[in-house]
Amino acid sequence: MRTVVVDGPASIRVDTRPDPALSGPDGVIVAVSAAGICGSDLHFYEGDYPLAEPVALGHEAVGTVVEAGPEVSTVKVGDQVMVSSVAGCGDCPGCATNDPVMCYSGLNIFGGGVLPGAQTDLLAVHAADFQLRKIPDGINTEQALLLTDNLATGWAAAQRADIPYGGTVAVIGLGAVGLCALRSAFFQGAATVFAVDRVQGRLQRAAQWGATPIASATVESILAATGGRGADAVIDAVATDASLTDALSAVRPGGTVSVVGVHDLQPFPFPALGCLIRSITVRWTTAPVQRTWPELIPLLQSGRLEVDGIFTTTLPLEQAAEGYATAAARSGDDVKILLTP
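Residues numbered from 1 in each chain as written. Predicted model: local features only at pLDDT ≥ 70, side-chain atom pairs only at ≥ 80, totals over all residues. Heavy atoms only, no water.

The name given to the chain in an unreviewed UniProt entry is Dehydrogenase, with the source organism recorded as Mycobacterium asiaticum. Taken from UniProt, the Cofactor (unreviewed entry) comment for the chain reads in full: "Zn(2+)". We quote the UniProt Sequence similarities (unreviewed entry) comment for the chain here in full: "Belongs to the zinc-containing alcohol dehydrogenase family." (UniProt positions renumbered as here; feature names shortened; annotations may be inferred.)

In structure tokens form, the structure reads like this:
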């Protein structure tokens, strides 16, 4: 089979590897039909994480079950499925909450060096009854792919931001997760969403969805727009030192900063005294993907929650290097890349 690997900064290739075997009686093999390039994949591509050996990339996949173990009961061969990017054992009290982050054995993420990468022809999935779900009627490929990670992450980011009805929210970073968080914030009661990014095309996209674009002077602009008070909630979908500092400075006293961006491996100089004095709540979230599905799927099926326009580019798997270069350029025209094995 073919699989996308990274073996150094900006070094992407499509490798040929043996087809996977079932991980056990509770596992399946999925023939991947679509895989996404996520912003967190770029940490490997841009050299933020050290590589001891080549890593098979990708944690967002939908496809067809082509082999299933005897203990799998929720899907069968031939079913079209979506695979949660975050994986648990599926058999502990933590996983019983439908949140893989709570797994007693510790969560794993596909394409992070432990589990196989999802940008591939064939993907072995363990604990399949927990990890994946048959794609429901009325859910298209792009929606299903967003449900595996980005939409679940943006939705959870908004939920954990304590957004008051009629309140103000600032979303920092308008990649796929940020745009999903923006749509989720409106849906969960925000009256005003400030969309913060350096890329003009992404600001225009956010404005088309009803957000108030902010291109520069992040903190000053948000404070000015809120009469000096700050936003009720700030969602940081970037998590650099600069964006985290801006988020903590732009939230009002007593407000909440919800962080879903992936920071690098360096410590962040957290301004603890200022947050204490201003009674700031800070939440860091890895998405509880499976827990969000019962909420998000009906909203997508009904058309009440829309995510059209987030995938902007589709490429065959062989052009994965081009896809990563495009994603890393962070242009206004290209938000999210879909790869088709």
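Participant: Any chance you could break down unusual backbone geometry for me, citing the residues and the numbers?
Facilitator: Even without being a glycine, D162 presents a positive backbone phi close to 55°. Within the secondary structure layout, D162 lies in the loop between α4 (150-159) and β11 (168-172). Take D162: its relative accessible area is 40%, and that puts it in the partly exposed class. With a phi close to 65°, A239 is a non-glycine residue in the positive phi region. (Helix = DSSP H or I, 4+ residues; strand = E, 2+ residues; numbered from the N terminus. Buried < 20%, exposed > 50% of the residue type's maximum accessible area, 1.4 Å probe, protein only.)

Participant: Lay out helix α8 (residues 241-250) in plain terms, naming residues and giving numbers.
Facilitator: The complete set of buried residues in α8 reads S243, L244, A247, L248 and A250. Here the buried face of α8 lies against β11, α7 (218-225), β14 (231-236), β15 (251-259), α9 (272-277) and β16 (281-284). (Contact = heavy atoms within 4.5 Å.)

Participant: So what's going on with the nonpolar core? Residues and values would help.
Facilitator: Counting 50 residues, the largest nonpolar core has L147, L151, V169, L182 and I235 as the members making the most contacts within it. Breaking this core down by element, the ones donating at least two residues are α3 (141-147), α4, β11, α5 (176-187), β12 (192-196), α6 (200-208), β14 and α10 (289-302). No other element matches α5, which puts 7 residues into this core. Residue contributions to this core reach at least three from each of two domains, namely domain 1 (2-149 + 288-339) and domain 2 (153-284). For L182, the contacting residues outside a window of four places in its chain are V171, L174, V193, A195, A206, W209 and A211. In this structure, I214, L248, V251 and V257 belong to the second largest nonpolar core, which totals 20 residues. (Core = buried A, V, L, I, M, F, W, Y, C linked by side-chain atoms within 4.5 Å. Domains from an automatic or database assignment.)

Participant: Could you give me a rundown of the sheet that holds β11, with the residues and numbers involved?
Facilitator: The parallel open sheet is built from 6 strands, whose spatial order is β13-β12-β11-β14-β15-β16. The open sheet has two edge strands, β13 (212-214) and β16, and neither has a second partner. Taking the axes of each pair of neighbouring strands and ignoring which way they run, one obtains an average angle of 20° across the sheet. Bridge count between β14 and β15: 5 bridges; the pairing is parallel. Of the residues in β15, the one forming a bridge with D236 is V259. (Pairing = 2+ DSSP bridges. Axes fitted to C-alpha atoms, helices over the stretch in contact; angles between N-to-C directions.)

Participant: Pulling in residues and values, what's your account of the domain arrangement of the chain?
Facilitator: Looking at the chain, the domain boundaries give domain 1 (2-149 + 288-339) and domain 2 (153-284). Each side of the interface is counted separately: domain 1 has 26 residues, and domain 2 has 20 residues. Here domain 1 packs against domain 2, burying approximately 1900 Å² in sum over the two surfaces, 63% of which is carbon and sulfur. The tally of links between domain 1 and domain 2 comes to 0 salt bridges. (Buried area = accessible area lost by both parts, 1.4 Å probe. Salt bridge = Lys/Arg side-chain N within 4 Å of Asp/Glu carboxyl O.)

Participant: Which residues make up a nonpolar patch on the surface, and what values go with them?
Facilitator: A grouping of L273, L276 and I277 is seen on the molecular surface, where their side chains present a nonpolar patch of about 370 Å² in accessible area. By secondary structure assignment, the location of L273 is in helix α9. (Patch = residues over 30% accessible without salt bridge, like charges linked within 9 Å, V, L, I, M, F, W, Y side chains within 5 Å. Areas by Shrake-Rupley, 256 points an atom, 1.4 Å probe, with all protein chains shown as cover.)

Participant: Residue-level account of the pairing of β14, with values.
Facilitator: Two faces belong to every sheet, and in a regular strand the side chains alternate between them. When you tally the buried positions in β14, you get 6 out of 6 residues, the bulk of the element. Sheet topology places β11 next to β14; 4 bridges connect them, and they run parallel. What sits directly across from I172, in β14, is D236. Handedness of the crossover joining β14 and β15 through α8: right-handed. (Right-handed = clockwise from strand over helix to strand, strands pointing away.)

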